[in-house]
Amino acid sequence: MSDQESSTSTSQTEGEVEGELDEEVDTEMEGEGENDSKHRDSPPLQISSFSSTLRAVIRIKQKYHALKKRRQEVEGGGALTGATGRTSPKIFTFDGTTPIALSVPQKKKRKRRRRVMYPNRGKRRAPPKPARSRAKYCLYLLFAIVFVQVYNAIENLDDHLLRYDLEGLDKTLRREVFGQQGAVEGLLSHLKEYLSTYVHNKPLVVSLHGPSGVGKSHLGRLLAGHFRSVVGETLVLQYYVLHHCPQEADALQCARDLSALISEIVERAEEEEKIPLFIFDEAEHMHGEILDALLQLVSSKQSNEYLNAIYLFLSNLGHSHITKHMLHNSSSTSMAKSDHYSHFVKELTPILRNTLEKLHVLWTEADILPLGLLEKGQVMECFLDEMTREGFYPDHTNIERLAGEIEYYPEVGGHEYSQTGCKQVVAKVNLL
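Residues numbered from 1 in each chain as written. Predicted model: local features only at pLDDT ≥ 70, side-chain atom pairs only at ≥ 80, totals over all residues. Heavy atoms only, no water.

- Within an unreviewed UniProt entry, the label attached to the protein reads Torsin-4A, and the organism entered is Gymnodraco acuticeps.
- The protein has a UniProt comment under Subcellular location (unreviewed entry) that states "Membrane".
- Taken verbatim from the UniProt record of the protein, the Sequence similarities (unreviewed entry) comment is "Belongs to the ClpA/ClpB family. Torsin subfamily." (UniProt positions renumbered as here; feature names shortened; annotations may be inferred.)

Here you go:
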């Protein structure tokens, strides 16, 4: 038993003894009180009352000594058993003690499970499964609608391309245009990319450049005839500067008339949901006022109907750069192969653009496609086609003789290029 526990027990014992003593004194006092009341009821006597009081005092004193003795005996017994009394408490120190690590196991908190409440009547059943939300079916329906819309849009794009019959145009150009297969592929690529969408942020502007007789005007006539057949006669304009505006003094009025005509065609095309075609041949003779008016029309700041249009410029601007490049690189240049033509365009486009931008700002808005020189074999194909059209027998000897009458550049790298291309073919066939 520790010192704290022994002192606690001693104090408890003393309290019990004192309590018992008080109880006995009270009892005696009550007894004396009762006796006194009895004596007061009886005829009082002074001697008897004095003797009874004395006896009561003596009994109280004897009881007090007896209780005091019992308390001393209790205290003496506690001392014998090693308890520490109040008068001599022991001071506890940590010297000579070894700490004892007490590990108190911590109880894990158990999660209370939700109590499933069952009805008083009936069997126990599992809780019902939550009902499926109807929003899922609406979401599935939305996905189906979007898929159908996208599919229809793709189909409509295909229908839009089919309306312009670019495959038929491709076959016509490959059959009618000689020696310019690379340029034809580049032009068709621009047309297909532009016509495959409904919304445009700018009109399609393509500028074809090449020396005289390489097929620029012939290509323009073929395009005009094809678009007249697919979009209508009124939505195609062929503008020849030397024919429509030969005098420079009338340039301002020509520019106003041309702007009004283009606006009328564009509005009509918007109503019919078609894309018009504007072809400007001999663009090297166009006056500055006409070029300024066209620049405002092809600008992306115009309204939507002006953005849905195709502008094609045909000119011999920069022909000297094209001729020089082909004669110096004749060993590695062939217009019949598309990869050679792409290399040809990549080298010539910066040079041509730099030259054209100095003439007018309009050429900055155009995609430039150069047309190369024609070889002697390609000139012979022009004679064969023209003779067939005119009903002459396609005699190879006669065709070779006519092709030999045309002037050519000196042969370089196994290539013999014509100085005038196929420009004199029609005149020579008419002399037969």
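Next comes the rest of the write-up.
### Side note on the overall build of the protein
Phase 1 of the analysis: Of regular secondary structure, the protein possesses 15 helices and five strands.
Phase 2 of the analysis: Within the protein, the proportion of its 432 residues that are buried is 34%.
Phase 3 of the analysis: Considering only intrachain contacts with a sequence separation of at least 6, the fraction spanning at least 24 residues in the protein is 75%. (Helix = DSSP H or I, 4+ residues; strand = E, 2+ residues; numbered from the N terminus. Buried < 20%, exposed > 50% of the residue type's maximum accessible area, 1.4 Å probe, protein only. Contact = heavy atoms within 4.5 Å.)

### Re a negative patch on the surface
Phase 1 of the analysis: Together, Glu267, Glu270, Glu271 and Glu273 give the surface a local cluster of negative charge.
Phase 2 of the analysis: By secondary structure assignment, the location of Glu271 is in helix α8 (residues 251-272). (Patch = residues over 30% accessible without salt bridge, like charges linked within 9 Å, V, L, I, M, F, W, Y side chains within 5 Å. Areas by Shrake-Rupley, 256 points an atom, 1.4 Å probe, with all protein chains shown as cover. Salt bridge = Lys/Arg side-chain N within 4 Å of Asp/Glu carboxyl O. Lys, Arg positive; Asp, Glu negative; His and termini not counted. Charge placed at Lys NZ, Arg CZ, Asp CG, Glu CD.)

### Notes on the packing of α8 against helix α9 (residues 288-298)
Phase 1 of the analysis: Two elements in contact, α8 and α9, have axes whose closest approach is 8 Å; the angle formed by their N-to-C orientations is 25 degrees. When the axis of α8 is compared with that of α9, the two are roughly parallel. Where α8 crosses over α9, the two elements pack in a sense that is right-handed. Facing α8, whose interface residues are Ala251, Leu252, Cys254, Ala255, Leu258, Ser259 and Ile262, α9 presents Glu289, Ile290, Ala293, Leu294 and Leu297.
Phase 2 of the analysis: Partitioning the contact of α8 with α9 into residue classes produces ten nonpolar, one polar and one charged. (Axes fitted to C-alpha atoms, helices over the stretch in contact; angles between N-to-C directions. Parallel < 35°, antiparallel > 145°, perpendicular 65-115°, else oblique. Left-handed = near helix turned anticlockwise from the far one by under 90°. Nonpolar A, V, L, I, M, F, W, Y, C, P; charged D, E, K, R; others polar.)

### Things to note about the state of the cysteines
Phase 1 of the analysis: The full count for this structure, using the stated rule, is two disulfides.
Phase 2 of the analysis: Across the disulfide from Cys382 sits Cys422; the S-S distance is 2.1 Å. Handedness of the Cys382-Cys422 disulfide follows from its S-S torsion of about 75 degrees: it is right-handed. On the criterion of sequence distance, the pair formed by Cys382 in helix α13 (residues 376-390) and Cys422 in the loop between α14 (396-404) and α15 (425-430) is long-range, its members being 40 residues apart. Of the two residues, Cys382 and Cys422, neither departs from the other in class, the shared state being buried. (Disulfide = S-S within 2.5 Å.)

### So, the packing of aromatic side chains
Phase 1 of the analysis: Under the definition given, this model contains six aromatic pairs.
Phase 2 of the analysis: Arranged with centres 5.6 Å apart and planes meeting at 75 degrees, the rings of Phe313 and Trp363 form a pair that is edge-to-face. With a gap of 50 residues between them, Phe313 in strand β4 (residues 310-315) and Trp363 in the loop between α12 (338-359) and β5 (367-370) connect regions that are remote in the sequence.
Phase 3 of the analysis: With a relative accessible area of 2%, Trp363 lands in the buried category.
Phase 4 of the analysis: One aromatic cluster is present, formed by Tyr239, Phe278, Phe280, Tyr311, Phe313 and Trp363 through successive ring pairs. (Phe/Tyr/Trp six-rings, centres within 6.5 Å; stacked < 30°, edge-to-face > 60°.)

### Examining the nonpolar core
Phase 1 of the analysis: The biggest cluster of nonpolar side chains holds 75 residues, and the ones touching the most others in it are Ile262, Phe280, Leu294, Tyr311 and Phe313.
Phase 2 of the analysis: Other than its neighbours up to four places away in sequence, Phe313 contacts Val205, Val206, Ser207, Leu208, Phe280, Ala283, Met286, Leu294, Leu362 and Trp363. (Core = buried A, V, L, I, M, F, W, Y, C linked by side-chain atoms within 4.5 Å.)

### Topic: the pattern of salt bridges
Phase 1 of the analysis: Counted under the stated rule, the structure contains eleven salt bridges.
Phase 2 of the analysis: A salt bridge links Arg389 to Glu176, with the shortest nitrogen-to-oxygen separation between them at 2.4 Å. Placement of Arg389 in helix α13 and of Glu176 in helix α4 (residues 166-176) is noted, with a sequence separation of 213 residues between them.
Phase 3 of the analysis: The salt bridge partner of Arg401 is Glu405, with a shortest N-O separation of 3.2 Å.
Phase 4 of the analysis: Here Glu405 falls in the partly exposed class, since its relative accessible area comes to 39%.

### Focus: the sheet that holds β4
Phase 1 of the analysis: Taken in spatial order, the five strands make up an open sheet running β2-β3-β4-β1-β5, and their pairing is parallel. Two strands lie at the open edges of the sheet, namely β2 (236-240) and β5, each paired on one side alone. Across the sheet, the axes of successive neighbouring strands diverge by a mean angle of 15 degrees, strand direction being ignored.
Phase 2 of the analysis: Bridge analysis of strand β3 (residues 277-281) against β4 gives four bridges, and the strand direction is parallel. When the bridges of β4 are listed, Phe280 appears paired with Phe313.
Phase 3 of the analysis: Across the sheet, helix α5 (residues 181-195) is in contact with β1 (204-209), β4 and β5; its angle to β5 comes to roughly 155 degrees.
Phase 4 of the analysis: Of the strands in this sheet, β1, β2, β3 and β4 are in contact with α9, which crosses β4 at around 150 degrees. (Pairing = 2+ DSSP bridges.)

### Notes on the confidence of the model for the protein
Phase 1 of the analysis: When pLDDT is averaged across the protein, the result is 78; 70% of the residues are at 70 or more.
Phase 2 of the analysis: Scored below 50 in pLDDT, residues 23-45 makes twelve contacts in the model with residues more than four places away or belonging to other chains.
Phase 3 of the analysis: pLDDT under 50 marks residues 79-86. Its contacts with residues more than four places away, or in other chains, come to ten contacts. (pLDDT = per-residue confidence, 0-100.)

### Quick look at the environment of Glu375
Phase 1 of the analysis: In this fold, Glu375 is placed in the loop between β5 and α13.
Phase 2 of the analysis: Spatially, the C-alpha atoms of Glu375 and Gly421 are 7.9 Å apart, while their sequence positions differ by 46 residues.
Phase 3 of the analysis: Filtering out sequence-adjacent residues up to four positions away, Glu375 remains in contact with His415, Glu416 and Tyr417.

### Section: the environment of Glu176
Phase 1 of the analysis: Relative accessible area serves as the criterion here: at 12%, Glu176 is assigned to the buried category.
Phase 2 of the analysis: Put simply, Glu176 and Leu219 are 43 residues apart on the chain and 8.4 Å apart in space, counted from C-alpha to C-alpha.
Phase 3 of the analysis: Apart from residues lying up to four places away in sequence, Glu176 is in contact with His218, Leu222, Asp385 and Arg389.

### Digging into the layout of surface pockets
Phase 1 of the analysis: Approximately 680 Å³ is the volume found for the largest pocket.
Phase 2 of the analysis: Along the walls of the largest pocket sit 27 residues, with Gly213, Gly215, His218, Arg221 and Cys422 positioned nearest its centre.
Phase 3 of the analysis: For the lining of the largest pocket, the elements supplying multiple residues, two or more each, are α6 (216-231), β4, α13 and α15.
Phase 4 of the analysis: By residue class, the composition of the lining of the largest pocket is nine nonpolar, eight polar and ten charged.
Phase 5 of the analysis: Mapped onto the domain boundaries, the lining of the largest pocket takes at least three residues apiece from domain 1 (162-371) and domain 2 (378-430). (1 Å grid on protein atoms, 1.4 Å probe; cavity = no way out; pocket = protein on both sides within 12 Å on 5 of 7 lines; lining within 4 Å. Points joined across faces, edges and corners; volume = space filled by probe spheres on them. Domains from an automatic or database assignment.)

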